[in-house]
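Survey of secondary and tertiary structure
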Amino acid sequence: MVSGTPQIGVLALQGAVAEHARALQAAGAEVRTVRRPEELEGLQGLVVPGGESTAIARLAAPVGLMPAIAQRHGEGMALFGTCAGLILMASRVSDAEALEGFDRIGGLDVVVRRNAYGSQLDSFTDQLDVQGLNDPLPAVFIRAPIVEQILHPEVEVLAEAQGSPVAVRQGRMLAASFHPELTGDHRLHQLFTEMAGQ
Amino acid sequence: MTAETSNGNGAQTGATTVNTGLAHMLKGGVIMDVVTPEQAKIAEEAGAVAVMALERVPADIRATGGVARMSDPDLISGIIDAVSIPVMAKARIGHFVEAQVLEHLKVDYIDESEVLSPADYTHHIDKSKFKVPFVCGATNLGEALRRITEGASMIRSKGEAGTGDVSEAMKHLRTINAEIAKLTSMSEDELYVAAKELQAPFQLVKQVASDGRLPVVLFVAGGVATPADAAMMMQMGADGVFVGSGIFKSGNPEARAAAIVKATTYYDDPAVIADVSKGLGEAMVGLNVSDLPAPHRLAERGW
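Note that residues are indexed from 1 along each chain, following the sequence as it is written. Going through the entries in the order they are written, you letter the chains from A and number the ligands from 1. In view of the model being predicted, local features appear only for residues whose pLDDT reaches at least 70, and side-chain atom pairs are presented and counted only at 80 or more, with totals across whole chains, interfaces and linings using the full set of residues. In computing side-chain properties, one takes all heavy atoms of the structure into account and sets aside hydrogens as well as water.

For the rest of this paragraph, the subject is the overall build of chain A. A tally of regular secondary structure across chain A gives 5 helices and 12 strands. Both definitions apply: the radius of gyration is a C-alpha atom measure, and the globule rule equals 2.2 Å times residues to the power 0.38. Taking 16 Å as the expected radius of gyration for a compact globule of 198 residues, we find that chain A reaches 15 Å, a close match to that expectation. In terms of overall dimensions, chain A has a C-alpha envelope of 40 × 40 × 30 Å along the principal axes. Counting every position in chain A, which comprises 198 residues, the buried fraction comes to 61%. The criterion used for residue contact is that any of the two residues' heavy atoms lie within 4.5 Å. The contacts of chain A with a sequence gap of at least 6 include a subset with a gap of at least 24, amounting to 64%. Residue exposure ignores everything except the shown protein chains as possible cover, and the areas themselves are Shrake-Rupley values with a 1.4 Å probe. Of the roughly 7000 Å² of accessible surface on chain A, a fraction of 46% belongs to carbon and sulfur atoms. Every helix listed is a DSSP run of H or I at least four residues long, and every strand listed is a run of E at least two residues long, numbered separately from the N terminus. Burial status follows relative accessibility: with a 1.4 Å probe on protein chains alone, a residue under 20% of its type maximum counts as buried, one over 50% as exposed, and anything between as partly exposed.

Below you can see the structure in the form of structure tokens.
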């Protein structure tokens, strides 16, 4: 496909956009923000950042961004979702009341539960063993979702915390419950940049 | 900066990164004042990233007068149960027991707020003793840095709450931005004097000078009443917007809330702002800050 520097977008409706942009640049990608379907044109990858999934879904709806992202993914654009991004990419959300009636991206064959660990008092940091990475990865979990169930054998678990999968990969989709963009360790962004460039 | 706890298997709660990190997740979003679970649901439905639970919105606190305090715990718990987005609640400046109660109720963020009557005219809460994160108001850089030193994980410019007059919010944001810009042009020996003048620790001042920004997220509050107000604050470099009385004191809260959310995301696109501003009905009535007698100006509370 395309050689050279991969073009990666960051969905910029709401949330930790700048942090992902910085991490992707550090990983060698050319980065731009996306708020409209036409801005997906020419991207080899898109990061769906953390934020509030309810707010992002509502902002995306009037411009039809979620189906547009799903379509571009079908045409080969890689996806990397963190926290709210994982919720928006999951094919099923078990407590979806607040998201009902709004499109999500879908396609990642897992069931997730929002705010599964509790309130902000239960947010935590940890060191994770991640498949394919030599040293533990620092991870920040903030009102994080949990992967309750894996629905397809193609879904590969890259990391677990407290007995549940917290980083998964399926085809050209990568997703994490935690926030790799909030630490100085950009190895997951590196992995995604390589995925997008392939 | 905040009180950390380890659960024995390496995971840690209450860490500075998780508390400043939650504020990063709210960026580009709108946090709305709500006084009932029903209003909280309207806010979530409109796309708010968080709600601020309180008993009376600032415009009503202003109208009623008297001492304004932390809300009834029942009301706060009712709001926590009603929505899936983060819930913030206000404690009085210096009232560390109200903060302990709010932490016990498991709010996601505490606002140590000048909108309520101060409980201590000398000291703010020692926020480093808490696991729950705090947001604090500031009118200038020195005030922001003192709050961060005390453990605040997020700063909001104060503005003048309950007025619908955005001029004070503008003034405070411009002041903070200008003071940061000035620091970035200083040599290290000048920063010692700057730290003294800002009444803030040298290391923190040095960090702001080299980064060119606060080490925590900076939202704007106080007087935001229209989509254009919110977009202007975002164009001025705010990370997000608090809207207090502006939504539920207006003619059509549902439509206005959704319009302000959209204008905050597409803050640099006048076509979107024009479109969402159409037919919103009455904005909140509003008070000119210049007409307020000095004792009624809330932004002057806090030190």
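Now that the structure is up, let's keep going.
This part takes up the pairing of strand 2 (residues 30–34) of chain A. Residues and elements named next belong to chain A. Relative to strand 2, strand 1 (residues 7–11) is paired through 5 bridges, and the arrangement is parallel. The partner of Leu11 across the bridge, within strand 2, is Val34. Handedness of the crossover joining strand 1 and strand 2 through helix 1 (residues 17–26) is recorded here as right-handed. Paired strands, in this sense, are two strands between which DSSP finds at least two bridges. Seen with its strands pointing away from the viewer, a crossover is right-handed when the path leading from the first strand over the helix to the second is clockwise.

For the rest of this paragraph, the subject is helix 13 (residues 270–277) of chain B. All names here are of chain B. Taken together, the buried positions of helix 13 are occupied by Val272, Ile273 and Val276. Looking straight down helix 13, one finds that the buried residues subtend no more than 100 degrees of arc, so they occupy a single side. Among the exposed residues of helix 13, those pointing more than 90 degrees away from its buried face are Pro270 and Ala271. Pairs of N or O atoms within 3.5 Å make up the polar contacts considered here, provided that, within protein, one atom can donate a hydrogen while the other can accept it, and that residues adjacent in sequence are counted only when both atoms are side-chain atoms. Near the N-terminus of helix 13, the side chain that reaches the backbone nitrogen of Ala271, with its oxygen 3.0 Å away, is that of Asp269. Once helix 13 ends, the next one or two residues include Gly279, with phi positive near 60 degrees. Arc, as used here, means the arc of the directions from the helix axis to the C-beta atoms.

Listed per partner, the contact involves 39 residues of chain A and 42 residues of chain B. Counting the surface lost from both chain A and chain B, the interface buries some 3000 Å², and carbon and sulfur atoms represent 53% of this. Buried surface area refers to the total accessible area, computed with a probe of radius 1.4 Å, that the two partners give up upon joining, counted for both partners together. Interface area lost by chain A to chain B is led by A:Arg35, A:Gln120 and A:Leu121, which between them contribute 22%. Definition used for salt bridges: Asp or Glu carboxyl oxygen within 4 Å of a side-chain nitrogen of Lys or Arg. At the boundary of chain A with chain B, the tally comes to 5 salt bridges. Joining chain A to chain B, the criterion identifies 21 residue pairs in polar contact (both at pLDDT 80 or more). Elements that contribute at least two residues to the side of chain A that touches chain B include exactly helix 1, helix 2 (53–60), strand 7 (124–128) and strand 8 (137–141) of chain A. A total of 4 residues in the side of chain A that touches chain B trace back to one element, the largest contributor, which is helix 2 of chain A. When residues are grouped by polarity, Ala, Val, Leu, Ile, Met, Phe, Trp, Tyr, Cys and Pro land in nonpolar, Asp, Glu, Lys and Arg in charged, and all others, Gly among them, in polar. Taken together, the residues of the side of chain A that touches chain B sort by class into 16 nonpolar, 12 polar and 11 charged.

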